[in-house]
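Survey of secondary and tertiary structure
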Amino acid sequence: MNLFGLSILQGGLKMSLKTHMNFQKMIFKQMDYTETPLGPGSLWQNSAHPENGCCFVYHRPDAYVLTIGDYKIPKTFHLSFHNAGPILRFGSFYEGKTRFHVEGVKTRSSSPVNFIVKEENIKGVQYWQSGAHYKGIEIALSFDYISAVKSLEPHTELLGQLPDNVTQNLLPSPVSAILSQLSSFQELKNLTPLILEGMILQCLGFLSQAAAKGYFSPEGNRPVIYVGQRKLTFTQQDFQAIEQVRQMILKNPEANLTIAQLGHKVFLNEQKLKTGFHLCYHTTIGAFIKDCRMARASELLVHTSATIEEIARTCGYGSSTGFIRAFRQKYQITPLRFRQEKRSG
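Residues numbered from 1 in each chain as written. Predicted model: local features only at pLDDT ≥ 70, side-chain atom pairs only at ≥ 80, totals over all residues. Heavy atoms only, no water.

1. Quick word on the overall build of the chain
Summing up its helical and strand segments, the chain has 11 helices and 13 strands in all. Expected size for 345 residues packed as a compact globule is a radius of gyration near 20 Å; at 21 Å, the chain falls within 12% of this value. Per-residue burial over the chain gives 48% buried out of 345 residues. Taking the intrachain contacts of the chain between residues at least 6 apart in sequence as the baseline, contacts between residues at least 24 apart amount to 69%. (Helix = DSSP H or I, 4+ residues; strand = E, 2+ residues; numbered from the N terminus. Rg over C-alpha atoms; globule rule 2.2 N^0.38 Å. Buried < 20%, exposed > 50% of the residue type's maximum accessible area, 1.4 Å probe, protein only. Contact = heavy atoms within 4.5 Å.)

Set out below in structure tokens:
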């Protein structure tokens, strides 16, 4: 079962990366997609309806499959699946909501969130709704590939001990950052097989370290944090809510919402949101908002002719003075000088 609806395997066939890709092609056929070679990998889309988006797929046989999707479902359909496995999937689901029924699993849907899951002997049905929009990135790994790098990182064997078919909605922040960078590389057509291989190995390293530290745990044994005398226990739903806050900030970093207001939107109290955000992403909400604002400001400085005052307002600053101060703290240079150097370079 796959958040993008691209990894369902019908019948009793043994799950492998090859069948994973074969079934992707069946789904692409449902969406009238055709394949276009694109450097490393392939681009799948309906050339007659480019507005429905596309999917980029790259694979190394018997090792891994990378899927980056941003697409809309043209018609309603559903598929039964029976995946023998095992296979390890992890990624970031940025937009959309999936609906499914999995035998032995209470969850019936999933919303934008980071995820990791070891799938084995999973059965059920997944549904695609006409007009639904999906955006995200996923890496699927064979355990043969994971075992092959055990000599480099012995803790990779712990990934095979993850509970079967339990989707965990958290990833170490370096892994989230690598996934975001992979998406950017592919969009800019800078992704090469060697770069991809290196980044996948980095992900495996961070995931293995996280597993060794007990970062991943089955439901009912979630991380517990003490803030003074107060005990905070985090559930799957809490991590989903925290990721929703991160996505809200990414989309609208200029919004001057307080932590309490952000928490209210996802039904988390302020303390739990602050603590959980730092637990997941190793930074504070305030620092993350500032980084997002600075990233947007740098893009506007380079790619538009907007004034410093206009950019300051667009990025959520009440005055150009406050914006310039924050920009210099981040880049050790004034916004105007930054624009001049980037354009002259």
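2. With respect to the nonpolar core
Residues L66, F90, L141, L182 and I242 are the most contacted members of the largest nonpolar core, which totals 55 residues. The leading source of residues in this core is helix 4 (residues 193-212), at 8 residues. When near neighbours in sequence (up to four residues on either side) are disregarded, F90 contacts F115, I116, I137, E138, I139, L141, L171, V175, L179, C203 and L207. If you look at the next biggest cluster of nonpolar residues, it comprises 22 residues, including M21, I27, F93 and Y134. (Core = buried A, V, L, I, M, F, W, Y, C linked by side-chain atoms within 4.5 Å.)

3. What to know about the packing of aromatic side chains
Counted by the stated rule, this structure contains 12 aromatic pairs. Each ring, one from F77 and one from W128, has its centre 4.6 Å from the other, and the planes form 10°; the classification is stacked. Placement of the pair is F77 in strand 5 (residues 77-83) and W128 in strand 10 (residues 122-128), with a sequence separation of 51 residues. For the pair F77 and W128, one class covers both residues: buried. Ring geometry for Y331 versus F338: centroids 5.5 Å apart, planes at 40°, classification tilted. Judged by relative accessible area, Y331 falls into the partly exposed class, the value being 27%. Members of the aromatic cluster, joined through ring pairs, are Y317, F323, F327, Y331 and F338. (Phe/Tyr/Trp six-rings, centres within 6.5 Å; stacked < 30°, edge-to-face > 60°.)

4. Focus: the packing of helix 8 (residues 285-303) against helix 11 (residues 335-344)
Contact pair helix 8 / helix 11: the axes reach a minimum separation of 9 Å and the direction vectors enclose 55°. By the angle between their directions, the pair helix 8 and helix 11 is classed as oblique. In the packing of helix 8 onto helix 11, the handedness of the crossing is right-handed. Taken together, the residues of helix 11 that come into contact with helix 8 (itself represented by S298, L300, L301 and V302) are P335, F338, R339, K342 and R343. Grouping the amino acids of the contact of helix 8 with helix 11 by side-chain chemistry returns 5 nonpolar, 1 polar and 3 charged. (Axes fitted to C-alpha atoms, helices over the stretch in contact; angles between N-to-C directions. Parallel < 35°, antiparallel > 145°, perpendicular 65-115°, else oblique. Left-handed = near helix turned anticlockwise from the far one by under 90°. Nonpolar A, V, L, I, M, F, W, Y, C, P; charged D, E, K, R; others polar.)

5. Quick word on the confidence of the model for the chain
Note that predicted coordinates carrying low pLDDT should not be read in detail. For the chain, per-residue confidence averages 85 on the pLDDT scale, and 91% of positions sit at 70 or higher. Ranking the elements of the chain by mean pLDDT puts strand 8 (residues 109-110) last with 62 and helix 9 (residues 308-314) first with 96. Long-range and interchain partners of residues 3-15, a stretch whose pLDDT sits below 50, account for 69 contacts in this model, where long-range means more than four residues apart. (pLDDT = per-residue confidence, 0-100.)

6. Some points on the environment of V302
Tracing the sequence through the fold places V302 in helix 8. Considering only alpha carbons, one finds V302 and F338, 36 residues apart in sequence, at a separation of 8.3 Å. Apart from the residues lying within four places of it in its own chain, the contact partners of V302 are F338, K342 and R343.

7. Focus: the pattern of salt bridges
One pass over the structure, following the stated rule, counts 10 salt bridges. Taking the shortest distance from any N to any O, the salt bridge between D164 and K118 comes out at 2.8 Å. Within this pair, whereas D164 is found in the loop between helix 2 (143-148) and helix 3 (173-187), its partner K118 is found in strand 9 (residues 113-119), the two being separated by 46 residues in sequence. Under the relative-accessibility criterion, D164 is labelled partly exposed at 38%. Of the residues examined, K118 reaches a relative accessible area of 8% and is grouped as buried. A salt bridge links R337 to E341; the nearest nitrogen and oxygen atoms lie 3.1 Å apart. A residue pair is termed a helical-turn pair when its members lie 3 or 4 positions apart in one helix, as R337 and E341 do in helix 11 at 4 residues. Given a relative accessible area of 45%, R337 falls into the partly exposed group. What makes E341 partly exposed here is its relative accessible area of 40%. Through salt bridges that share partners, R89, E119 and E138 make up one connected network. (Salt bridge = Lys/Arg side-chain N within 4 Å of Asp/Glu carboxyl O.)

8. Considering helix 4
The first and last C-alpha atoms of helix 4 sit 28 Å apart over 20 residues, in line with the 28 Å expected at 1.5 Å per residue. Downstream of helix 4 by a residue or two, G214 has a phi angle that is positive, lying close to 80°. (Expected span 1.5 Å × (residues − 1).)

9. Side note on the sheet that holds strand 1 (residues 34-37)
By definition, the strands of a sheet pair up through backbone hydrogen bonds, in either a parallel or an antiparallel sense. Pairing within the open sheet is antiparallel, and its 7 strands lie in the order 1-2-3-4-11-6-9. Two strands bound the open sheet, and with one partner strand each, they are strand 1 and strand 9. Looking at each pair of strands side by side, their axes are set apart by 20° on average, direction ignored. Inspection of the sheet shows strand 1 paired to strand 2 (residues 42-45) by 4 bridges, in the antiparallel sense. The partner of P37 across the bridge, within strand 2, is S42. Along the sheet, helix 3 makes contact with strand 3 (53-60), strand 4 (64-72), strand 6 (87-95), strand 9 and strand 11 (133-141), crossing strand 6 at roughly 70°. On top of the sheet, helix 4 reaches strand 3, strand 4, strand 6, strand 9 and strand 11; it is set at about 100° to strand 4, its chief contact. (Pairing = 2+ DSSP bridges.)

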